[in-house]
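A look at the structure
Residue strings, one per chain:
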2 protein chains.
Amino acid sequence: MSRPDRQYPSKVLEEAVEAIGSLPGVGSRSALRFALHLLRQPAERIKGFAAAIDRLAEDVRYCGECSMVCDGDICPVCADRTRDHSIICVVASIRDVMSIEATGQYRGVYHVLGGIISPIDGVGPSDLTIGKLVDRLDGRRGEPTEVILALSGDVEGETTSFYIYRQIEPFGVKVTTLARGLGFGDNLEYADSLTLGRSITNRQIFKVWK
Amino acid sequence: MSRPDRQYPSKVLEEAVEAIGSLPGVGSRSALRFALHLLRQPAERIKGFAAAIDRLAEDVRYCGECSMVCDGDICPVCADRTRDHSIICVVASIRDVMSIEATGQYRGVYHVLGGIISPIDGVGPSDLTIGKLVDRLDGRRGEPTEVILALSGDVEGETTSFYIYRQIEPFGVKVTTLARGLGFGDNLEYADSLTLGRSITNRQIFKVWK
């Protein structure tokens, strides 16, 4: 049922609800619920919450090498000499690094683009860290020999992959991309026909996992 | 698919995710999404968000009369002399006041209990503002003649209503409660039998709304 515009009893509360409501997918009803939840907490807890957010602006740094978010000048992955610095995995976002790290399957290093090329959203190549990637290859710090383009499979991702490929081609490194096909455990019945078709075309030698 | 514990690349990010994840119904995945969303904003915006939350601890006041959240010593409703100060509507929470105000149907004043009696959650009568309600009736500030118990219809709500009723009975004010029955527009078919049964027992004279 539609109601007249909500009247806030307090400007302070209203501004907190507005701030929380700016988060993606959080409507004004949820934002109010969150604000009132905070309001019920002891003052120190509310202040601790606010301080933790404030530190995102104050204390977060980006790795000088791979542009990953970190607390110092260089991120733990780039600082780790046991990682394979000859392989650079190019990803769109911080979250992608966390997702790949969570698999425990990758021992190389990363390069975080900070987005993908999307003319509709006004994101061009110069808004991303592509220049820094070129510098990494140009200077050959850590002797990179392979670049994995781990971007999404949609038009923007493919466009970005292609753009980067053209930029890094001159350095003669091996350029690879993520394997695409049916997910492990996926049922053929529910796979989209593009994925299924590509899975047949790019079929692989049957391997027994030990 | 289960993944090993998420590794945060930054302590600052991790603490922000933890803070956001303390909100009701926000899991660690959503909290990370929110934190990364904030991280993509300009520093001033992040700081503005944090400041809006911080002010919840610093600047929010509670009305000296009805305990509603407000910016000053007294809330706009209690300060409004055109409202009917002879009727006090007792509600559990700030949100209930906002919901009733949004209907535009009530011209009396409020009393916010700050919760309901719930032994399971360790909330007893002394944790609520019942004493302040008794003081309002005892002093007869604004000459209250009616108290509406607008609490939920569950066991805790009924218990709280009954407890308050016993406390305010000596003051000889009229004590009322919200009408319960089928919602306007509700279909009989989908009504629960308790509500439907009570709706028949408490049937009302048919009124033509003009």
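Look up a bit, the structure's there.
All values reported here derive from a predicted model rather than from experimental measurement.

**Some details on the interface of chain A and chain B**
Interface size is commonly expressed as the accessible area that is lost once the parts come together. Opposite the 53 residues of chain A that make contact, chain B presents 53 residues. Here chain A packs against chain B, burying approximately 5,200 Å² in sum over the two surfaces, 72% of which is carbon and sulfur. Linking chain A with chain B are six salt bridges, by the criterion used here. For the salt bridge of Arg55(B) with Glu15(A), the shortest nitrogen-to-oxygen distance reads 3.1 Å. Linking chain A with chain B are 14 residue pairs in polar contact (both at pLDDT 80 or more). Elements that contribute at least two residues to the side of chain A that touches chain B include exactly helix H1 (11-21), helix H2 (28-39), helix H3 (43-58), strand E2 (69-70) and helix H5 (94-103) of chain A. Per element, the largest residue contribution to the side of chain A that touches chain B is 13 residues, and it comes from H3(A). A class-by-class count of the residues in the side of chain A that touches chain B yields 35 nonpolar, five polar and 13 charged.

**Focus: the relation of the copies chain A and chain B**
For the pair chain A and chain B, the best superposition has an RMSD of 0.1 Å and corresponds to a rotation of 180° with a translation of 0.0 Å parallel to the axis. With respect to symmetry, the two chain copies, as superposed, fit the operation of a two-fold axis. When each C-alpha of chain A is compared by its distance to the rotation axis, Ala50(A) comes out closest, at 2.3 Å. When you check the interface residues of chain A against chain B, 98% turn up at the interface there too, and the contact is symmetric in its surfaces.

Calculation rules
Residues numbered from 1 in each chain as written. Chains lettered and ligands numbered in written order. Predicted model: local features only at pLDDT ≥ 70, side-chain atom pairs only at ≥ 80, totals over all residues. Heavy atoms only, no water. Contact = heavy atoms within 4.5 Å. Buried area = accessible area lost by both parts, 1.4 Å probe. Salt bridge = Lys/Arg side-chain N within 4 Å of Asp/Glu carboxyl O. Polar contact = N/O pair within 3.5 Å; in protein donor to acceptor, adjacent residues only side chain to side chain. Helix = DSSP H or I, 4+ residues; strand = E, 2+ residues; numbered from the N terminus. Nonpolar A, V, L, I, M, F, W, Y, C, P; charged D, E, K, R; others polar. Least-squares fit on C-alpha atoms with pLDDT ≥ 70 in both.

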